[in-house]
Amino acid sequence: MKPATAPSALKVQAALGERFEVLEFDASTRTAADAAAAVGCTVAQIAKSLVFRAQGGRPVLVVASGIHRVEEKRIAALVGEPITRADANFVREATGFAIGGVPPVGHTTAPVVLIDEGLMGFGEIWAAAGTPNAVFRLTPADLVELTRGRVAAVALK
């Protein structure tokens, strides 16, 4: 583990400011399980970023607990329009990052942000930071503040 050096991770560090530290690992943090193993937390504490495309073309970012699958119908209802899963090109264009390293901040286009209520019970969580091996630690309250996201029930029950 070391401070960020990759350009994409440094972009996230700049978006976060000095309150947070982006860390890079030798091991992959691309999946929630990989990230949890690298940082030494539970998979549930990983705040994974999922990008969808609203019918009108706007990106929708869902930040969910690493143990949850999200319910797309519920997300569409919360956004107020149909959504589809975003392909890799849309994700990179809308966020500026590749799948596997999409952070909750620093996007090219400001997304609609929904935050899984399942993350709110943790003292700390970890989120991707621009590359498949970079993450940063924050609290659920920090996540809401940084993203201006709406906390909602997005997980499949």
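What you see as residue numbers is a count from 1 along each chain, following the sequence as written. Selection of residues for local features in this predicted model requires a pLDDT of at least 70, selection of side-chain atom pairs for listing and counting requires 80 or more, and totals for whole chains, interfaces and linings are taken over all residues. With hydrogens and water stripped out, all remaining heavy atoms of the structure feed into the side-chain values.

**Notes on the overall build of the chain**
Inclusion rule: Put simply, DSSP H or I for four residues or longer makes a helix, DSSP E for two residues or longer makes a strand, and each gets a number counted from the N terminus. Our radius of gyration is a C-alpha quantity, and the globule rule it is checked against amounts to 2.2 Å times the number of residues to the power 0.38. Accessible area is worked out with a 1.4 Å probe on protein chains only. A residue is then buried under 20% of its type maximum, exposed over 50%, and partly exposed in between. By definition in these notes, contact holds between two residues if any of their heavy atoms fall within 4.5 Å. Neither His nor the chain ends is counted toward charge; the positive residues are Lys and Arg and the negative residues Asp and Glu. In this description, the location of a charge corresponds to atom NZ of lysine, CZ of arginine, CG of aspartate or CD of glutamate.
Looking only at helices and strands, the chain features five helices and nine strands. Against the 2.2 N^0.38 benchmark of 15 Å for 157 residues, the chain shows a C-alpha radius of gyration of 14 Å, consistent with a compact globule. Along the longest, intermediate and shortest principal axes, the C-alpha atoms of the chain span 40 × 30 × 25 Å. Burial status across the chain gives 48% buried among its 157 residues. Partitioning the intrachain contacts of the chain with sequence separation of at least 6 by distance along the chain shows that 61% fall at a separation of at least 24. Here the chain contributes 16 positive and 15 negative side-chain charges, whose respective centroids are spaced 5 Å apart.

**What to know about the pairing of strand β4 (residues 59-65)**
For the record, the criterion: Strand pairing requires that DSSP identify at least two bridges connecting the strands.
Along β4, seven of the seven residues are buried, which leaves the element largely enclosed by surrounding structure. Counting the residues between successive antiparallel strands, the hairpin from strand β3 (residues 46-54) to β4 contains four residues, one of them, G57, with a positive phi of roughly 100°. Across four bridges, β4 lies against strand β6 (residues 112-116) in parallel orientation. The residue bridging L61 from the neighbouring strand is V113, located in β6.

**A closer look at the side chain of T131**
In plain terms, the rule: Any pair of nitrogen or oxygen atoms within 3.5 Å is treated as a polar contact; in protein, a donor-acceptor pairing is required on top of that, and neighbouring residues in sequence qualify only through side-chain atoms on both sides.
The residue T131 is located in the loop between β7 (125-128) and β8 (134-138) in this model. Residue class for T131 comes out buried when judged on its relative accessible area of 9%. In this structure the side chain of T131 is engaged in a polar contact, spanning 3.2 Å, whose partner is the backbone nitrogen of A134.

**A closer look at the nonpolar core**
Where we set the bar: Side-chain atoms within 4.5 Å link the members of a nonpolar core, which is a set of buried Ala, Val, Leu, Ile, Met, Phe, Trp, Tyr and Cys residues.
Residues V12, V22 and F136 are the most contacted members of the largest nonpolar core, which totals 27 residues. Put simply, the parts of the chain that give this core at least two residues each are α1 (7-16), β3, β4, α4 (88-95), β6, β7 and β8. Residues within four places of V12 in sequence aside, it is in contact with V22, F97, P103, V105, A129, G130 and F136.

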